[in-house]
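# Report on the structure
This is what each chain is made of:
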Amino acid sequence: MLRSVILAAARSPRVERLVETAPISRDVVRRFVAGNSTDDALRATRELVETGLGVSLDNLGEDTLTPQQAESTRDEYIRLLQALSAAELTPAAEVSVKLSALGQKFDEKLAREHAHAICAAASEAGTTVTLDMEDHTTTDSTLEILGQLRVDFPTTGAVLQAYLRRTEGDCRQLSGAGSRVRLCKGAYKEPESVAYQSKLDVDLSYARCVNILMSGEGYPMLATHDPRLVAIGENRAKWFDRSNDTFEFQMLYGIRPAEQLRLAEAGYTARVYVPYGTEWYGYLMRRLAERPANVAFFARALRSKN
Ligand SMILES: Cc1cc2nc3c(=O)[nH]c(=O)nc-3n(C[C@H](O)[C@H](O)[C@H](O)COP(=O)(O)OP(=O)(O)OC[C@H]3O[C@@H](n4cnc5c(N)ncnc54)[C@H](O)[C@@H]3O)c2cc1C
């Protein structure tokens, strides 16, 4: 219920204005977002890489409405990749890209061309790109663009969401040799017709998808903070006799940092998804929706400023 309310607010321009201008928002945002600028992103990346973690950087922004905005997102990613390469932070750092930030909602071809330019810059920088997955109305389009990008850039990563009923089938399709697939639970408000609604059903789907990906020939990227699912991932790695360079764990910046380090110290590849930039509203609301304790944290911060 609370999750639905927060995810509905995530799409409300009125609530967005309220939250963005509240003086406390900065403090809460700092917990989940590395900063506003490319320099902030580089600093956070360097700190994480020095502790043995990998990074995937996300230039915040989504649902872009104009070609100018889409172009400036493309250019920021290209600048970021050049800066990462100059700082010798590749291949430890890769980038995560939302096609909606590149214009997918109004011109799929434009979004594909921009994504292609970002993949080319990543390849030049010695690293790669993962295409974030957004709400279910974009899944087919995103997977189609992924297929086209993989012709020239075969290491381009996909994201599949375990809450969608279709995802076990997509996991089978994408579990071939060399296919990088990030498996997450899914962060959007989706109707029952396309998505499991209960936590148990989503978790069971996640476990089934782990089995498909870990028994396949691709490179699974298990993105979850859920202790039981991380344990299942570790177990399946042994069961399917996978060496630590054939799969990885992923978590979000600011969430379970001690567990991120534990995984790296245990010899696994562990990658942190690091968002940066000023367009943090949608991202923050999805993080609040995931965990009531985060809403309490937000409310406490509000009270302490009054
Ligand atoms: C690297 C990465 C990339 C992602 N990319 C996408 C994407 O492209 N598309 C998409 O739809 N979703 C994406 N997600 C988000 C994902 O779908 C989930 O919404 C999110 O990860 C929470 O699910 P969970 O698996 O951690 O399990 P949950 O059941 O939400 O949480 C399990 C436990 O983890 C801890 N935890 C979880 N979330 C939080 C939090 N916000 N704050 C503090 N503790 C927390 C708590 O201990 C909680 O009990 C991504 C997640 C990760 C880690």
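Quick look at the structure, then.

About the cut-offs
- Residues numbered from 1 in each chain as written.
- Predicted model: local features only at pLDDT ≥ 70, side-chain atom pairs only at ≥ 80, totals over all residues.
- Heavy atoms only, no water.
- Helix = DSSP H or I, 4+ residues; strand = E, 2+ residues; numbered from the N terminus.
- Expected span 1.5 Å × (residues − 1).
- Buried < 20%, exposed > 50% of the residue type's maximum accessible area, 1.4 Å probe, protein only.
- Arc of directions from axis to C-beta.
- Contact = heavy atoms within 4.5 Å.
- Salt bridge = Lys/Arg side-chain N within 4 Å of Asp/Glu carboxyl O.
- Phe/Tyr/Trp six-rings, centres within 6.5 Å; stacked < 30°, edge-to-face > 60°.
- Core = buried A, V, L, I, M, F, W, Y, C linked by side-chain atoms within 4.5 Å.
- Pairing = 2+ DSSP bridges.
- Axes fitted to C-alpha atoms, helices over the stretch in contact; angles between N-to-C directions.
- Near = heavy atom within 4 Å.
- Polar contact = N/O pair within 3.5 Å; in protein donor to acceptor, adjacent residues only side chain to side chain.
- Areas by Shrake-Rupley, 256 points an atom, 1.4 Å probe, with all protein chains shown as cover.
- Nonpolar A, V, L, I, M, F, W, Y, C, P; charged D, E, K, R; others polar.

### Description of helix α5 (residues 67–86)
Residue pairs spaced three or four apart in an α-helix point in one direction, given the helix's 3.6 residues per turn. End to end, α5 covers 29 Å across 20 residues, agreeing with the expected 28 Å (1.5 Å per residue, within 8%). Those residues of α5 that sit buried are A70, T73, E76, Y77, L80, L81 and L84. Taken down its axis, α5 places every buried residue within 135° of arc, on the same side. Facing away from the buried surface of α5 by more than 90 degrees, the exposed residues are Q68, Q82 and A86. On its buried face, α5 sits against α4 (38–50), β1 (54–59), β2 (93–97), α6 (108–124) and β8 (270–276). Where α5 terminates, the next one or two residues include E88, which has phi positive at roughly 60°.

### Brief notes about the pattern of salt bridges
The final tally for this structure, using the stated rule, is 22 salt bridges. Here E248 ties to R271 by a salt bridge, and the two come within 2.6 Å at their closest N and O atoms. Highlighted residues: E248 in strand β7 (residues 248–252) and R271 in strand β8, separated in sequence by 23 residues. One salt bridge in this structure joins E290 and R287, with 2.6 Å as the shortest N-O distance. On the criterion of helical spacing, the pair formed by E290 and R287 is a turn pair, its members being three residues apart in helix α12 (residues 281–290). Note on E290: relative accessible area 40%, which makes it partly exposed. A single salt-bridge network, built from bridges that share partners, covers K185, K199, D203, D226 and R228.

### A look at the packing of aromatic side chains
This model, assessed by the stated rule, comprises four aromatic pairs. The interplanar angle of 85° and the centroid separation of 5.2 Å between the aromatic rings of F249 and Y268 together place this pair among those described as edge-to-face. Placement of the pair is F249 in strand β7 and Y268 in the loop between α11 (257–265) and β8, with a sequence separation of 19 residues. Take F249 and Y268: they sit in the same class, and that class is buried. Where Y273 meets Y283, the ring centres are 6.4 Å apart and the plane angle is 5°; that geometry is what we call stacked.

### A word on the environment of G233
Within the secondary structure layout, G233 lies in helix α10 (residues 227–239). Residues G233 and E76, spaced 157 residues apart in sequence, show a C-alpha to C-alpha distance of 34 Å. If sequence neighbours within four positions are ignored, G233 has contacts with V210, M214, L222 and F249.

### Here we look at the nonpolar core
Ranked by internal contacts, the top residues of the largest apolar core, which has 64 residues, are L57, V95 and V274. The contacts of L57, once residues within four sequence positions are left out, are A41, T45, Y77, L80, L84, E94, V95, S96, V274 and Y276. Among the nonpolar cores identified, the runner-up in size contains 20 residues, and L7, V33, Y273 and A289 belong to it.

### Brief notes about the sheet that holds β1
One open sheet accounts for eight strands, arranged β3-β2-β1-β8-β7-β6-β5-β4; its pairing is parallel. In this open sheet, the two edge strands, each paired with only one partner strand, are β3 (129–131) and β4 (158–161). Sheet twist, expressed as the mean angle between neighbouring strand axes with direction ignored, is 30°. Bridge count for β7 against β8 is four bridges, and the pairing is parallel. Bridge pairing links Q250 to R271 in β8.

### Overview of the site of the ligand
Taken together, 25 residues lie near the ligand, and K185, G186, T224, H225 and E290 sit nearest. Separating an oxygen atom of the ligand from a backbone N or O atom of G186 is a distance of 2.6 Å. In isolation the ligand exposes 930 Å². Once the protein is present, 88% of that is buried. Going through the elements one at a time, β4, β5 (180–184), β7 and α12 are the ones with two or more residues in the shell around the ligand. Here the element with the most residues in the shell around the ligand is β7; it accounts for three residues. For the shell around the ligand, the residue count by class is ten nonpolar, six polar and nine charged.

Everything listed here is a matter of geometry and, on its own, says nothing about what the molecule does.
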